[in-house]
Amino acid sequence: MIEENNVKVMNLPNILTISRMVMIPVFIMFFYLHFTGHYFVAWTVFALAGITDLFDGLIARKYNQVTNLGKFLDPIADKVLILSSFVVFLTKPEMFAPQLGGWTVIVAGCGVTVILAREILVSGFRMVAASAGMVIAADKIGKYKTVTQDLCVGALLLGQGIIELTDHIFGVIVNYIGLGLFALAIVLTVISGINYIAKNIEVLKQ
């Protein structure tokens, strides 16, 4: 077993992180498969992936099992899970309340682009900082952004699942809640990105 600073690289936290990455194509598969309740199955897979995100970090810190592999894979798994969710949602216009008209999908596409651009920008920023021997820590706004994005994906999936099974107004309400969370996530994404740059502008000056 490969070890890093006397810590096994393939430990439980890293296994959980890798399992989250494996769940991503499973989530996408169930999202697109057409059978009764497929949105709920996709939601369950997404929720399980979110649980692994919660516990891998807690276990790594509590039992001193933090490794460079985990530091590398964990943020990638998080970003790919969220971004792939939003991208596949764009292929289903009904995810963005078609009751409001087709313009909502266009707005949603712009929002997803903003989220994607922010993640690429911050990741590049961290790479530049790392090459200069600096570490850019996550801030609270970034954490709020991540939680809001997770809740948004969950709400949109639940809303569509309820609409598919019952065609009840409650599903539409849940869908609108998801859209509200989506709007909030975009706002937090922009604020978080600006905050990262403002706090670490010295990285670009070196």
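In what follows, the accompanying structure is described. (Residues numbered from 1 in each chain as written. Predicted model: local features only at pLDDT ≥ 70, side-chain atom pairs only at ≥ 80, totals over all residues. Heavy atoms only, no water.)

With that settled, consider the packing of aromatic side chains. Here the structure, examined in full by the defined rule, presents 9 aromatic pairs. Geometrically, the ring pair formed by Phe31 and Tyr39 is edge-to-face, given 5.7 Å between the ring centres and 70° between the ring planes. (Phe/Tyr/Trp six-rings, centres within 6.5 Å; stacked < 30°, edge-to-face > 60°.)

This part is about a nonpolar patch on the surface. A surface patch of nonpolar side chains, amounting to about 450 Å² of accessible area, comprises Leu48, Ile51, Leu54, Phe55 and Leu58. The topology assignment puts Leu48 in helix 2 (residues 38–62). Under the relative-accessibility criterion, Leu48 is labelled partly exposed at 44%. (Patch = residues over 30% accessible without salt bridge, like charges linked within 9 Å, V, L, I, M, F, W, Y side chains within 5 Å. Areas by Shrake-Rupley, 256 points an atom, 1.4 Å probe, with all protein chains shown as cover. Salt bridge = Lys/Arg side-chain N within 4 Å of Asp/Glu carboxyl O. Helix = DSSP H or I, 4+ residues; strand = E, 2+ residues; numbered from the N terminus. Buried < 20%, exposed > 50% of the residue type's maximum accessible area, 1.4 Å probe, protein only.)

Across the interface, helix 2 lies against helix 5 (residues 140–166) with an axial gap of 8 Å and an inter-helix angle of 160°. With respect to helix 5, the axis of helix 2 lies roughly antiparallel. As for how helix 2 packs across helix 5, the hand of that crossing is left-handed. Contact residues: helix 2 offers His38, Tyr39, Phe40, Ala42, Trp43 and Phe46, while helix 5 offers Asp150, Val153, Gly154, Leu157, Leu158, Gln160, Gly161, Ile162, Glu164 and Leu165. Across the contact of helix 2 with helix 5, the residue classes break down as 10 nonpolar, 4 polar and 2 charged. (Axes fitted to C-alpha atoms, helices over the stretch in contact; angles between N-to-C directions. Parallel < 35°, antiparallel > 145°, perpendicular 65-115°, else oblique. Left-handed = near helix turned anticlockwise from the far one by under 90°. Contact = heavy atoms within 4.5 Å. Nonpolar A, V, L, I, M, F, W, Y, C, P; charged D, E, K, R; others polar.)

Our next topic: empty space enclosed by the protein. Evaluated as defined, the whole model comprises 1 cavity of 30 Å³ or more. Taken as a whole, the largest cavity holds about 50 Å³ of empty space. In terms of lining residues, the largest cavity is bounded by Arg20, Gly50, Asp53, Asp78, Leu81, Ile82, Thr146 and Asp150. Only helix 2, helix 3 (68–90) and helix 5 provide two or more residues apiece to the lining of the largest cavity. Tallying contributions element by element places helix 3 first for the lining of the largest cavity, with 3 residues. (1 Å grid on protein atoms, 1.4 Å probe; cavity = no way out; pocket = protein on both sides within 12 Å on 5 of 7 lines; lining within 4 Å. Points joined across faces, edges and corners; volume = space filled by probe spheres on them.)

If you add up the space inside the second largest pocket, you get close to 190 Å³. Lining the second largest pocket are 10 residues; nearest its centre among them are Thr104, Val107, Leu179, Phe182 and Ala183. Each residue belonging to the lining of the second largest pocket can be placed in one class, and the counts come to 9 nonpolar, 1 polar and no charged.

With the rule as written, the count across this model stands at 7 salt bridges. Among the ionic pairs, Arg20 bridges to Asp78, the shortest N-O distance being 3.0 Å. Residue Arg20 is found in helix 1 (residues 12–32), and its partner Asp78 is found in helix 3; the two are separated by 58 residues along the sequence. Across the pair Glu119 and Lys145 runs a salt bridge, and its minimum N-O distance is 2.8 Å. One end of the pair, Glu119, is in helix 4 (residues 103–131); the other, Lys145, is in helix 5, and 26 residues separate them in sequence. Look at Glu119 and you get buried, because its relative accessible area is 5%.

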